[in-house]
Amino acid sequence: MSPQSLPLLGAERTVPTAPFLGLSTLWIQITGTWCNLECHHCINASGPRAPWLRPLDGTTVRRALAEAETVGVKEIYFTGGEPFLHGEILPLLERALEIAPTTVLTNGTLIGPEEADALAAMAARASYSLEIRVSLDDTDRALNDRVRGEGAWTKAVEAVRLMRARGLLPIVTATEITRDEHGAGPGMYERFRDFLHAQGVDRPRVKIMPVFALGRQPASGEPPLAEEDLEGFDRSVLQCADARVVTSTGVYACPILAGLDGARLSTGRLTESFVAAPLYHPACVTCRRTGMTCRNS
Amino acid sequence: MPEQLGEYRRIAVFGGVYNNWLALEATLADARRRDVEAVFCLGDMGGFGPHPDRVFPLLWQGGVLALQGNYDESLVSGRTDCGCGYTDPRDNHYAAISYRYTFDRTATDAKKWLGTLPRHRRLKLGPHRVLMCHGSPRVINEFLWESATPSGLLRHLMDRAEADVMLCTHTGIKWHRALPDARHAVNVGVIGRPENDGRSNVWYTVLTAGPELAVEFVPVAYDHEALAREMEREGLPAEFAETIRSGWWTTCLENLPARERARGKY
């Protein structure tokens, strides 16, 4: 996928927008679309070769964090790509935790005993909660690895075990990509909770996300939102109303659309992006319909 | 014209009654013994416990100055859920049981009274300008947990509210942060259920004016065993009664940040 694959908008069409209410959630797309995995459903088609969105340098991240602090940011998220490929991920997480509770979204495959030790020590000394979100799309190894690649399940599950053994409570995050494989069995939350209990993870934490029709997923063909689709709908619940994403090519309205031209709100400072966000993409329909958020809760 | 603010020297503040009329009775008795000039409740009268209608006479006779919480707002507006925003079906299952139970057993006049309650209150506590809210000053059901509420956000919220002291509840666990600029944020806790620490008591807060604001968290022991038995007789989930007896939260855990979750048993 490239930013050029944006749907063309008819010149006569007015794009609805979400108001900007203030920066509550700051996303740092630390590794751009650079990842060691190539998941079939990746929203931004991340992978190991020639990322179309380049990683961020530490200076840009620190500047964005400082800007966010001055406007009263509530929480900070690091995503990618795979954040643990970034050489400065640990010091940048540490800096973010001086400002606000911080979450890192990871596939878990690069978290071994040493990294788990470092994260546990960081969480213990931080002023605010450190959250680690580990992506796992299925409790079944084969079903998971069919989507996420051979070996991904084993490494992610081991990362969860390693972190739990050190007192951390990672949030296992799944999409509904393999939902149809499970027929009328227990619901996803229940299946993941039972699975984690069986792995010795007490206090299991699970987050389920819908699959978005972008990135490596085929386009839905759904038309984007029109004003009439939003009548009577409270737009302030959309995450683009109080979130922004800092990337190497600018500041974007939401983590789903980060890197896409139509969602870019600033090519400079974070505060310049504090304007209404266009709900131009078919993915905005998914947010409107499901009420989903990329935040932890 | 400038707003006329009530002026106080010493007040008691609690949140989240959650139908726990026995804890409310004990809290009001305790507050009276502590020479407070007024008692405030930051909202959420219903949910979780038994006999929703028993809390209202106590609040009214006790002269409690109350705010509307998200639970109250839901009851008033006839919403089908408590407005806590859970996504986990297990949390929603339990939340729905207590919401339906409470909705059906809250009298119309009580609902009407809940509908009259303000969402914020301002007052003066000695020299301190106090803002009271349920979740946060900006959103009625925003969770302000200790480990997930940056000091920068607190400064931002209090700047906007022109307040020196912000009092909130909603999460169910108390905390107090004194900022370097001498402003204070206090989550006053709840009296409806224990705070996930393995102890059966609940907590409220006494604030006393002075050059320095004094914030005292007060533990309240009450007949929790009697409440748990009432919950069982009313057919409420065993998990709720377990929380009342053990002090550990068993449901509605989804929104807890890592640090608060790690302190609990489940």
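Residues numbered from 1 in each chain as written. Chains lettered and ligands numbered in written order. Predicted model: local features only at pLDDT ≥ 70, side-chain atom pairs only at ≥ 80, totals over all residues. Heavy atoms only, no water.

Residues and elements named next belong to chain A. Strands sit in the order E7-E6-E5-E4-E3-E2-E8-E9-E10 across an open sheet of nine strands; the sheet is mixed. With partners counted over all chains shown, the strands left at the sheet margins are strand E7 (205-209) and strand E10 (264-266), one partner each. Along the sheet, successive strands turn relative to each other by an average axial angle of 30 degrees, direction set aside. Of the strand pairs in this sheet, strand E5 (residues 130-135) and strand E6 (residues 171-175) are connected by three bridges, and their pairing is parallel. Bridging across to E6, Val134 finds its partner in Val172. Across the sheet, helix H2 (residues 89-99) lies against strand E3 (75-79), strand E4 (102-106) and E5, angled at about 165 degrees from E3, the strand it touches most. (Pairing = 2+ DSSP bridges. Helix = DSSP H or I, 4+ residues; strand = E, 2+ residues; numbered from the N terminus. Axes fitted to C-alpha atoms, helices over the stretch in contact; angles between N-to-C directions. Contact = heavy atoms within 4.5 Å.)

Attention shifts here to unusual backbone geometry. With an omega of 15 degrees, the peptide bond between Gly80 of chain A and Gly81 of chain A qualifies as cis. Following the sequence through the fold, Gly81 of chain A ends up in the loop between E3 and H2. The phi dihedral of Asp44 of chain B falls on the positive side, at around 75 degrees, and the residue is not glycine. Among the residues examined, Asp44 of chain B registers a relative accessible area of 3% and is labelled buried. Phi is positive for Phe48 of chain B, which is not a glycine, with a value near 75 degrees. Turning to its location among the elements, Phe48 of chain B is positioned in the loop between strand E3 (38-41) and helix H2 (55-61). (Buried < 20%, exposed > 50% of the residue type's maximum accessible area, 1.4 Å probe, protein only.)

Turning our attention to the confidence of the model for chain A. Of all residues in chain A, 95% have pLDDT values of 70 or greater, and the mean over the chain is 93. The low-confidence segment residues 1-6 of chain A (pLDDT under 50) makes 16 contacts with residues lying over four places distant or belonging to another chain. (pLDDT = per-residue confidence, 0-100.)

So, on to the interface of chain A and chain B. Between chain A and chain B, the residue contacts involve 24 residues of the former and 32 residues of the latter. Between chain A and chain B, the buried area comes to about 1900 Å², and carbon and sulfur atoms account for 45% of it. Looking only at chain A, the three residues that lose the most surface to chain B are Lys74, Tyr128 and Arg203 of chain A, adding up to 31% of its buried area. Inspection of the chain A/chain B interface yields two salt bridges. Taken together, the connections running from chain A to chain B amount to 16 residue pairs in polar contact (both at pLDDT 80 or more). Within the residue set of the side of chain A that touches chain B, elements represented by two or more residues are helix H3 (113-125), E5 and helix H6 (188-198) of chain A. (Buried area = accessible area lost by both parts, 1.4 Å probe. Salt bridge = Lys/Arg side-chain N within 4 Å of Asp/Glu carboxyl O. Polar contact = N/O pair within 3.5 Å; in protein donor to acceptor, adjacent residues only side chain to side chain.)

Now for the packing of aromatic side chains. All names here are of chain B. One pass over the structure, following the stated rule, counts 13 aromatic pairs over all chains. Ring centres of Trp145 and Trp249 lie 6.4 Å apart, and the angle between their planes is 55 degrees; on these two criteria the pair is classed as tilted. With Trp145 in the loop between strand E6 (128-132) and helix H6 (151-161) and Trp249 in the loop between helix H8 (238-246) and helix H9 (258-263), this residue pair connects regions lying 104 residues apart in the sequence. For the residue pair Trp145 and Trp249, the accessibility class agrees, reading buried in each case. Taken together, the ring pairs connect Phe48, Tyr94 and Phe240 into an aromatic cluster. (Phe/Tyr/Trp six-rings, centres within 6.5 Å; stacked < 30°, edge-to-face > 60°.)

Formed by 54 residues in total, the largest nonpolar core has its most connected members in Leu26, Ile28, Ile76, Phe78, Leu119 and Met163 of chain A. With seven residues, helix H5 (residues 152-165) of chain A is the single largest residue contributor to this core. Those residues within four positions of Met163 of chain A in sequence are excluded, and the remaining contacts are Ile111, Ala116, Leu119, Ile132, Val134, Leu168 and Pro170 of chain A. One finds Val64, Ala110, Ala226 and Met231 of chain B within the second-largest nonpolar core, a separate group that totals 51 residues. (Core = buried A, V, L, I, M, F, W, Y, C linked by side-chain atoms within 4.5 Å.)

Right, let's get into the packing of helix H4 (residues 141-148) of chain A against H5 of chain A. For any two helices packed against each other, one specifies the crossing angle of their axes together with the interaxial distance. Residues and elements named next belong to chain A. Following both chains from N to C, one finds H4 and H5 inclined at 110 degrees, their axes separated by 8 Å at the closest point. Classed by the angle they form, the pair H4 and H5 counts as roughly perpendicular. Along the contact surface, H4 presents Arg141, Asn144, Asp145 and Arg148, while H5 presents Ala152, Trp153 and Thr154. Here the contact of H4 with H5 is composed, by residue class, of two nonpolar, two polar and three charged. (Parallel < 35°, antiparallel > 145°, perpendicular 65-115°, else oblique. Nonpolar A, V, L, I, M, F, W, Y, C, P; charged D, E, K, R; others polar.)

Turning our attention to H5 of chain A. All names here are of chain A. With 14 residues, H5 extends 20 Å between its outermost C-alpha atoms, agreeing within 8% with the 20 Å of an ideal straight helix rising 1.5 Å per residue. For H5, every residue scored as buried is listed here: Ala152, Trp153, Ala156, Val157, Ala159, Val160, Leu162, Met163 and Arg164. Its buried side turned inward, H5 meets H3, E5, H4, E6 and H6. (Expected span 1.5 Å × (residues − 1).)

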